[in-house]
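# A look at the structure
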Amino acid sequence: MKYIDEFRQKEAAQAIIKKIRSLSRKEVNIMEICGTHTHSISKYGIREALPENIRLISGPGCPVCVTSATDVNRIIEFSRTRKDAIIATFGDMMKVPGTDSSLQEEKARGADIRVVYSPLDSIEIARNNPDKEVVLFAVGFETTSPTVAATMLGAKEAGLRNFSALSLHKLTPPAMKALLDSGEIKIDGFIAPGHVTAIIGARAYGFLAEDYKSPCVVAGFEPIDALLGIYMLIRQFEEDRCAIEIEYDRVVTWEGNTRAQEVINEVFEPSDSLWRGIGNIPGSGLSFRQTYSEFDAEKRFSMPKGVDAEPKGCQCGSVLKGLITPDKCPLFAKACTPEFPIGPCMVSSEGTCAAWYKYRRIA
Amino acid sequence: MCLGIPGLIVGIKGDTATVDVAGTKKDASLRLMEKAAIGDYVIIHAGFAIEKVDTKRAEETLRLIRETFER
């Protein structure tokens, strides 16, 4: 596939690894903050190919995983009580466990829950079911929030009256800041997510270099991209530099996609948001603006409050913060597997536990 | 979930593009794009084109890799 295959060439990957090995001296912790990176790093064995002084830590980069148990419990409770509702959701969300159930289990019990590939599909569901209330369970980072915002613009233009969304969108930079401020983990530099940054622009990470002296490279998702991103970070460490750099410059700019930013700002405004394992992070979510309140499921219905109780024994919170690797969780690959996941990091294909299970498990 | 795949715009009707992704044709909304034209490569995510692929920069990155690493 054009612009994918070229960035998977083995010889180039090996050459970059060789260069990293010859250049890297310092002990460094690098956090990747995107589930697609986590998956790619595990799939291509990048962690194992690097010298031991470079530690790659997976951060809270999977939107399904960082959705709080409270919010999963709320939508489950909603699906039980509102029999006139159809819940539309992205596929990965179906199996995410709340405290005692998941959307998939509720669907098996008779709730009308449908998987959509695009938020636009939920508009079609609303059109085809005028006597039902269609609620989009909207999770995702900055890559996804403009697609939901654009869907809301479309719903308003179409005059849809039976369509709304529960906006649980999360913003990446405030989470990076919260992790650094917590002091729980030492992070020397970040691999920033390519597609989130395609929307928000690399300038959004300026505070990392300025306030935290933390280098950051925005990287693409193919193995060559990830390796080149790591190489660029290592060069900064070894040269005692601290800057925001873009590896994925075939897609990412400093300004980002200004049209997409406008669409987000038209529909949503920043708000506090609850992250699994981390808790409330100020300004890290997106809520509907007053002008779009008719599409806000929070306002349209009296949404259940939901309890914040993690599944018993689940260590996803610590995994999401990079405090432990999945193999340190007593449930990993024993009670918790992709077939019968206990925590969200095992559910989503981009979750850290799922990536470790698939590519790193030693039988 | 932020998975995005590159595809080539082969047709545009209203604000929807037909995009060729490795031989498969898919629809993608252009509502998040300032400008897009037939012949552009775009990144598709959740049914939307979210950004153009700058093909010149892609070639430049590949050239730099060849020059810097594969000597």
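Residues numbered from 1 in each chain as written. Chains lettered and ligands numbered in written order. Predicted model: local features only at pLDDT ≥ 70, side-chain atom pairs only at ≥ 80, totals over all residues. Heavy atoms only, no water.

This part covers the overall build of chain B. A tally of helices and strands in chain B yields one helix and five strands. Whereas a compact globule of 71 residues would reach a radius of gyration of roughly 11 Å, chain B reaches 14 Å, over 25% beyond that. Each of the 71 residues in chain B was classed as buried or not, and the buried ones make up 48%. A fraction of 30% describes how many contacts in chain B between residues 6 or more apart in sequence connect residues 24 or more apart. Only carbon and sulfur atoms are counted for the fraction: they give 50% of the accessible area of chain B, which is about 3600 Å². Across chain B, the centroid of the 11 positively charged side chains sits 1 Å from that of the 11 negatively charged ones. (Helix = DSSP H or I, 4+ residues; strand = E, 2+ residues; numbered from the N terminus. Rg over C-alpha atoms; globule rule 2.2 N^0.38 Å. Buried < 20%, exposed > 50% of the residue type's maximum accessible area, 1.4 Å probe, protein only. Contact = heavy atoms within 4.5 Å. Areas by Shrake-Rupley, 256 points an atom, 1.4 Å probe, with all protein chains shown as cover. Lys, Arg positive; Asp, Glu negative; His and termini not counted. Charge placed at Lys NZ, Arg CZ, Asp CG, Glu CD.)

Okay, the confidence of the model for chain B next. Averaged over every residue, the pLDDT of chain B is 93; the share at 70 or more is 97%. In the model output, the complex is listed with pTM 0.95 alongside ipTM 0.96. (pLDDT = per-residue confidence, 0-100.)

Here strand β10 (residues 268-275) of chain A runs beside strand β11 (residues 279-288) of chain A; their pairing, made up of seven bridges, is antiparallel. What sits directly across from Ser 273 of chain A, in β11 of chain A, is Ile 281 of chain A. (Pairing = 2+ DSSP bridges.)

Residue and element names in this part refer to chain A. Counting residues in hydrophobic clusters, the biggest one holds 109 residues, and the most contacted among them are Phe 137, Met 152, Phe 163, Phe 190, Tyr 205 and Leu 208. Counting residues per element, this core draws most heavily on helix α8 (residues 145-157), which supplies six residues. Among all residues touching Leu 208, those that are not within four sequence positions of it are Met 176, Leu 180, Phe 190, Lys 213, Ser 214, Cys 216 and Ile 244. (Core = buried A, V, L, I, M, F, W, Y, C linked by side-chain atoms within 4.5 Å.)

Residues and elements named next belong to chain A. Per the counting criterion, the structure on display carries one disulfide over all chains. Here Cys 62 connects covalently by a disulfide to Cys 65, the sulfurs 2.4 Å from one another. On the sign convention where negative is left-handed, the bridge of Cys 62 and Cys 65, at about 70° about the S-S bond, is right-handed. The exposure class of Cys 62 is buried, given its relative accessible area of 3%. A residue is classified by how much of its surface remains accessible, and Cys 65, at 0% relative accessible area, is buried. Cys 314 carries a free sulfur, and the closest cysteine sulfur to it, the one in Cys 316, is 3.5 Å from it. (Disulfide = S-S within 2.5 Å.)

As a further point, take the packing of aromatic side chains. All names here are of chain A. Under the criterion given, the structure shown has nine aromatic pairs over all chains. Both rings, one in Phe 207 and one in Tyr 212, keep their centres 6.2 Å apart while their planes meet at 85°; by these two values the pair is edge-to-face. For Phe 207, a relative accessible area of 16% gives the class buried. Assessed through its relative accessible area of 25%, Tyr 212 is described here as partly exposed. Cation over ring: Lys 2 sits above Tyr 3, and NZ or CZ is 4.9 Å from the ring centre. Positioned over the ring face of Tyr 292 is Lys 156, at 4.2 Å from the centre of the ring. (Phe/Tyr/Trp six-rings, centres within 6.5 Å; stacked < 30°, edge-to-face > 60°. Lys NZ or Arg CZ within 6 Å of the ring centre and 35° of its normal.)

Another point: helix α7 (residues 119-128) of chain A. Residues spaced three or four apart along an α-helix point in a common direction, a consequence of the helix completing one turn every 3.6 residues. Taken together, the buried positions of α7 of chain A are Pro 119, Ser 122, Ile 123, Ile 125 and Ala 126 of chain A. An end-on view of α7 of chain A places all buried positions within 160° of arc, on one side of the element. Buried positions along α7 of chain A lie against β3 (85-89), β4 (113-115), β5 (133-138), α8 and β6 (163-167) of chain A together with β5 (48-52) of chain B. (Arc of directions from axis to C-beta.)

With that settled, the discussion passes to the interface of chain B and chain A. Contact residues are listed per partner, giving 36 residues for chain B and 52 residues for chain A. Taken together, chain B and chain A are joined by two salt bridges. With its nearest N and O atoms 2.8 Å apart, the salt bridge here joins Glu 157 of chain A to Arg 31 of chain B. Connecting chain B to chain A are 11 residue pairs in polar contact (both at pLDDT 80 or more). For the side of chain B that touches chain A, the elements supplying multiple residues, two or more each, are β3 (24-29), β4 (41-45), β5 and α1 (55-69) of chain B. Per-element tally for the side of chain B that touches chain A: the top contributor is α1 of chain B, with nine residues. Of the residues belonging to the side of chain B that touches chain A, the class tally is 19 nonpolar, seven polar and 10 charged. (Salt bridge = Lys/Arg side-chain N within 4 Å of Asp/Glu carboxyl O. Polar contact = N/O pair within 3.5 Å; in protein donor to acceptor, adjacent residues only side chain to side chain. Nonpolar A, V, L, I, M, F, W, Y, C, P; charged D, E, K, R; others polar.)

Although it is not a glycine, Ala 333 of chain A sits at a positive phi angle of roughly 65°. As for its position among the elements, Ala 333 of chain A is in the loop between α15 (316-320) and α16 (344-347). Residue Ala 22 of chain B is not a glycine yet carries a positive backbone phi of 50°. Along the polypeptide, Ala 22 of chain B turns up in the loop between β2 (16-21) and β3. By relative accessible area, which is 57% here, Ala 22 of chain B ends up exposed.

Below, the discussion takes up the sheet that holds strand β2 (residues 54-58) of chain A. Residues and elements named next belong to chain A. The sheet built from five strands is open, its strands ordered β2-β1-β7-β8-β9 with parallel pairing. Looking at the sheet topology across the chains shown, the edges are occupied by β2 and β9 (244-246). On average, each strand axis in the sheet is tilted by 25° relative to the strand beside it, whichever way the strands run. Taken together, the three bridges between strand β8 (residues 216-219) and β9 define a ladder with parallel strand orientation. Opposite Val 217, over in β9, you have Glu 245 as the bridge partner. (Axes fitted to C-alpha atoms, helices over the stretch in contact; angles between N-to-C directions.)

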